[in-house]
Amino acid sequence: MTQKPHITVAHGDGIGPKIMDACLEILEAGGAQFEIETVEIGEKVYLRGNSNGIEPDLWESLARTGVLYKAPITTPQGGGYKSINVTMRKTLGLYANVRPTRSFHPFVRTKHPKVDLIIVRENEEDLYAGIEHRQTSEVYQTLKIITRPGSERIVRYAFEYARRNHRKKVTCFTKDNIMKMTDGLFHKIFDEIATEYPEIETEHMIIDIGAARAATQPERFDVIVMPNLYGDVVSDITAELTGSVGLAGSANVGEKVSMFEAIHGSAPDIAGLGIANPSGLLMAGVMMLVHMGQTQAAERVHNAWLLTIEDGIHTKDIFQLENSTRQVNTDNFVKAVIERLGDFPKKLAPVSYAHGVTLPKAQPANIVKLGTHKKELVGVDLFLDWQTADGRNPDELAEALKKVDSGDLDLIMITNRGQKVWPHGHPDTFCTDHWRCRYQVKGDTATIVHESIVRLLHNMSEAGFDFIKTENLYRFDGQLGFSLGQGQ
Ligand code: NAD
């Protein structure tokens, strides 16, 4: 007898344990073959004193199974422990988050009956780097990190997904009119990789109009790829407008491990009531079975679920008098799906996994080799916490800074919240206590060494300035590797 593959299962928080049991029951009744290794992550682990909310046996189990089926977990807002979800995605390199959204018209009420789109969200970078600092009394900062290897991997994944699944178009959302370097890189890479997929139509939209169109005309999209934060927000919007966030599942794909979860959270407002919709986690389970090559079981479960929805047997979140026949709790929804195993929907299109809908395999990142680029140090942005008893006059700051010996560097600009305030600032610009003072070497080809910055910092310290951080200014292959100040 062949051994069943093992999967790692985490029951999560809030509605998590209830919907996970529901989904495992349906998947097993549908013929899925797996042995379960149960692990604990989430609030309970954290409250036991494990500050990252993850029991170490999770990593050991995942090294054996390579598959994590995970219910939602609670993450405190504003403070407390770091998001376990983000930790998991980053630790395991689950860089591709695939979130399909489909409408089930006329069985689930939606203003958008023809939605069938896939969001491919970058899952490790962007503002989710989680590098945050308080720098002055007034100013807090988070770093947005976009990398070439990370962007290449996710954009290629989106195109591969489109090619394998006969999708026609890939759209990219960024905000590169404002974040010209970070989102600009993502967009540039999208354009580069698009040339390798000539059969696929491509388009780029600025995220604001893109999100607006995704909310009002979602049927015009096919596959959409975007950086982490935009993907998180837009995929909730598109899931909700097909009826409920409770309907959508997602895959988080990495080279060694893949994780399957609902896109919604732990829904603490309905935890313990027995009314949660297990559909999102079930659809994630179907994606997991496809990933494991168990396409027959995936097909049976998915079609039985479609028929249940079509028969109007609905949990409270999607129940509508005009479309539903029976409002059921989680347990009765499970029973209804199991009763329909082996049947197909009559009006909604049945799914077939025998030849289609596959998740592309994760690919290793392309590392930029040492020495590929000529990198020259040309200056430094020095960030200061500064104000005087009389206020915050940038001209006064510039005068004080000019008294400090800056060696081969010249003070060329001061900005406040990115806006140039010296030289020739505007008197109406509001200034906080957080100043960026740009020091650059004279001449277009001149360079400096780290020592120049160290000396400048030493002299600043002697003069009593409170510098809170520095950011080196580089030229890469003769091009400036930093943005100009707003108004410069
Ligand atoms: P949420 O998705 O948990 O809930 C939003 C709303 O949708 C609530 O009204 C909830 O009752 C409803 N809802 C969600 N899933 C449902 C389902 N399956 N059936 C019926 N109704 C459902 O979002 P939130 O309230 O912003 O977050 C709650 C917690 O979940 C937070 O701690 C958050 O950090 C966490 N969270 C976890 C994940 C994850 O584990 N992947 C994802 C998102 C949020």
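This one's a predicted model, so the numbers in the text were calculated from it and none came from an experiment.

Colleague: Whenever I open this one, the sheet that holds strand E16 (residues 409-416) confuses me. Can you help?
Modeller: Paired through their backbone hydrogen bonds, the strands of a sheet run either parallel or antiparallel. Across the sheet, which stays open at both edges, the six strands sit in the order E17-E16-E18-E15-E19-E20 with antiparallel pairing between neighbours. Looking along the sheet, the strands with just one partner apiece sit at the ends: strand E17 (419-422) and strand E20 (479-480). Where strand E15 (residues 375-385) lies against strand E19 (residues 466-476), 10 bridges are found, and the strand directions are antiparallel. Bridge pairing in E19 links Gly379 to Leu473. Along the sheet, helix H13 (residues 450-462) contacts E15, E16, strand E18 (434-441) and E19; its crossing angle with E15, the most-contacted strand, is approximately 15°.

Colleague: Teacher, can you tell me more about the domain arrangement of the protein chain here?
Modeller: As a measure of interface size, the accessible area lost when the parts come together is often cited. Partitioning the protein chain into structural domains gives domain 1 (1-83 + 250-352) and domain 2 (375-480). With centres defined by C-alpha atoms, the gap from domain 1 to domain 2 works out at 53 Å.

Colleague: I tried to follow the site of the ligand on my own but got confused; where do I start?
Modeller: Within the structure, the ligand sits among 20 residues, and Thr75, Gly265, Ala267, Asp269 and Asn277 are positioned closest to it. Interatomic distance of 2.8 Å between a side-chain N/O atom of Asp269 and an oxygen atom of the ligand. For the ligand, whose accessible area on its own is 810 Å², the fraction buried by protein is 71%. In terms of residue class, the shell around the ligand is made up of nine nonpolar, seven polar and four charged.

Colleague: Would you explain the sheet that holds strand E11 (residues 249-253) in this entry?
Modeller: Taken in spatial order, the 10 strands of this open sheet run E2-E1-E3-E12-E11-E4-E5-E10-E8-E9, and their pairing is mixed. Two strands lie at the open edges of the sheet, namely strand E2 (35-39) and strand E9 (201-206), each paired on one side alone. The sheet shows a mean angle of 20° between the axes of neighbouring strands, direction not considered. Here three bridges tie strand E8 (residues 169-174) to strand E10 (residues 223-226), and the two strands are oriented parallel to one another. Within the sheet, the bridge partner assigned to Cys172 lies in E10 and is Val225. Sheet strands touched by helix H8 (residues 228-241): strand E4 (96-102), strand E5 (116-122), E8 and E10. Its angle to E5, the strand with the most contacts, is close to 155°. On the sheet, helix H9 (residues 279-291) packs against strand E1 (6-10), strand E3 (67-70), E4, E11 and strand E12 (258-262) and is oriented at approximately 155° with respect to E12.

Colleague: Looking at this structure, I do not really get the nonpolar core. What am I missing?
Modeller: One finds Tyr69 and Trp305 to be the most contacted residues of the largest nonpolar core, which totals 78 residues. At nine residues, the largest contribution of residues to this core is made by H9. If we skip the residues at most four places from it in the chain, Trp305 touches Phe104, Leu247, Ser279, Leu282, Met283, Phe333 and Val337. The next biggest cluster of nonpolar side chains, apart from the first, holds 29 residues, and it includes Leu382, Leu401, Ile453 and Leu473.

Colleague: I keep staring at the pairing of E9 and nothing clicks. Help me out?
Modeller: Within a regular beta strand, the side chains point alternately toward one face of the sheet and then the other, so they alternate between its two faces. Pairing analysis gives six bridges linking E8 to E9, with the strands arranged parallel. Within E9, the position partnered with Cys172 by the bridge is His204.

Colleague: Explain the packing of helix H10 (residues 295-310) against helix H11 (residues 330-339) to me, please; I cannot follow it from the model alone.
Modeller: When two helices pack together, you describe them by how their axes are tilted relative to each other and by the distance separating the axes. Here H10 crosses H11 at 120°, and the two axes come no closer than 8 Å. In this structure, the crossing between H10 and H11 has a hand that is right-handed. Residues Ala304, Trp305, Thr308 and Ile309 of H10 form the contact with H11, whose participating residues are Phe333, Ala336 and Val337.

Each value, and the rule that gives it
Residues numbered from 1 in each chain as written. Predicted model: local features only at pLDDT ≥ 70, side-chain atom pairs only at ≥ 80, totals over all residues. Heavy atoms only, no water. Pairing = 2+ DSSP bridges. Helix = DSSP H or I, 4+ residues; strand = E, 2+ residues; numbered from the N terminus. Contact = heavy atoms within 4.5 Å. Axes fitted to C-alpha atoms, helices over the stretch in contact; angles between N-to-C directions. Domains from an automatic or database assignment. Near = heavy atom within 4 Å. Polar contact = N/O pair within 3.5 Å; in protein donor to acceptor, adjacent residues only side chain to side chain. Areas by Shrake-Rupley, 256 points an atom, 1.4 Å probe, with all protein chains shown as cover. Nonpolar A, V, L, I, M, F, W, Y, C, P; charged D, E, K, R; others polar. Core = buried A, V, L, I, M, F, W, Y, C linked by side-chain atoms within 4.5 Å. Buried < 20%, exposed > 50% of the residue type's maximum accessible area, 1.4 Å probe, protein only. Left-handed = near helix turned anticlockwise from the far one by under 90°.

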